[in-house]
Amino acid sequence: MTATPDLGTLRQASPDLLRSVFRQHAAGVAVITAAGENPAGFTATSLNSVAAEPPLISFGVGTGSSSWPVLAQAEHIGVHILGEHQQELAATFARSGADRFAPPTEWRTGPEGVPVLEGVLAWLVCRVVARVPAADHRIVVAQAVVGDPEGAGRPLLYHQGRFNALRD
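Draft legend 1. Seen up close, the nonpolar core. By size, the foremost hydrophobic cluster in this structure holds 19 residues, and its most contacted members are I32, F59, L71 and I77. Listing elements by their share of this core, those giving two or more residues are β4 (30-34), β5 (40-44), β7 (56-62), α2 (68-73), β8 (76-81), β11 (122-134) and β12 (137-148). Not counting residues within four places of it along the chain, the set of residues in contact with F59 comprises I32, F42, S46, L47, I77, R138, I139 and V140. Counting residues in hydrophobic clusters, the runner-up holds 15 residues, among them V31, L82, W123 and V125.

Structure follows, in structure tokens:
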């Protein structure tokens, strides 16, 4: 390791370095859902707006996740922006082995058969246009088809390994 007055302590790239750097990055919290024999979903902090015309989004998903087999086949997915009041919902969809769609999760079947979560700040149903290999993950690119941006509240954030709210 090298110390310099300009750059601090440099560390070689590693999974731990990447995790440490991204703990410093506050990210919005979303839940991605898909319909299958059983509905699937997971908490995502990798959601990005890709383009406005056509309206494209992207997110990353591990191919070892329990949601991947459904997402790998889904033609449409749901994207849900969570509010600060939904920390427990975010934790449920992040927990391995949880029955994510059982009560108290409130949801309905939405457009294109996609599970749509109740009480979120905003949601989209998107048509999957690409699944790009990236190591043990896939970057999913999807085009928005329909949505609702009218939920009330403030966004839920993820920072330093925990869910947080915005502060004024």
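Draft legend 2. Structural detail: the sheet that holds β11. Taken in spatial order, the 7 strands line up as β5-β4-β8-β11-β12-β7-β6 in an open sheet, and their pairing is antiparallel. The strands lining the two open edges of the sheet, one partner per strand, are β5 and β6 (48-51). Neighbour-to-neighbour, the strand axes of this sheet turn through a mean angle of 35°, independent of strand direction. The pairing of β4 with β5 spans 5 bridges and is antiparallel.

Draft legend 3. Structural detail: helix α3 (residues 87-94). Among all positions in α3, only L89, A90, T92 and F93 are buried. Taken end-on, α3 shows its buried residues confined to a sector of 160°, consistent with a single buried face. For α3, the exposed residues set more than 90 degrees away from the buried face come down to E88 and A94. In this structure, the buried side of α3 is in contact with β4, β5, β10 (115-117), β13 (156-159) and β14 (162-165).

Draft legend 4. Representation of the sheet that holds strand β3 (residues 27-28). If you trace the 3 strands from one edge of the open sheet to the other, you get β3-β13-β14, paired in antiparallel fashion. Since the sheet does not close on itself, it has two edges, and those belong to β3 and β14, each with one partner. As paired strands, β13 and β14 are joined by 4 bridges and run antiparallel to one another. If you follow L157 over to β14, its bridge partner there is N164.

Draft legend 5. Representation of the environment of E75 in the model. Looking at the element boundaries, E75 is found in the loop between α2 and β8. For the pair E75 and V129, spaced 54 residues apart in sequence, the C-alpha separation works out to 8.3 Å. Excluding residues that lie within four positions of it along the chain, E75 makes contacts with C126, R127 and V128.

Rules and cut-offs
Residues numbered from 1 in each chain as written. Predicted model: local features only at pLDDT ≥ 70, side-chain atom pairs only at ≥ 80, totals over all residues. Heavy atoms only, no water. Core = buried A, V, L, I, M, F, W, Y, C linked by side-chain atoms within 4.5 Å. Buried < 20%, exposed > 50% of the residue type's maximum accessible area, 1.4 Å probe, protein only. Helix = DSSP H or I, 4+ residues; strand = E, 2+ residues; numbered from the N terminus. Contact = heavy atoms within 4.5 Å. Pairing = 2+ DSSP bridges. Axes fitted to C-alpha atoms, helices over the stretch in contact; angles between N-to-C directions. Arc of directions from axis to C-beta.

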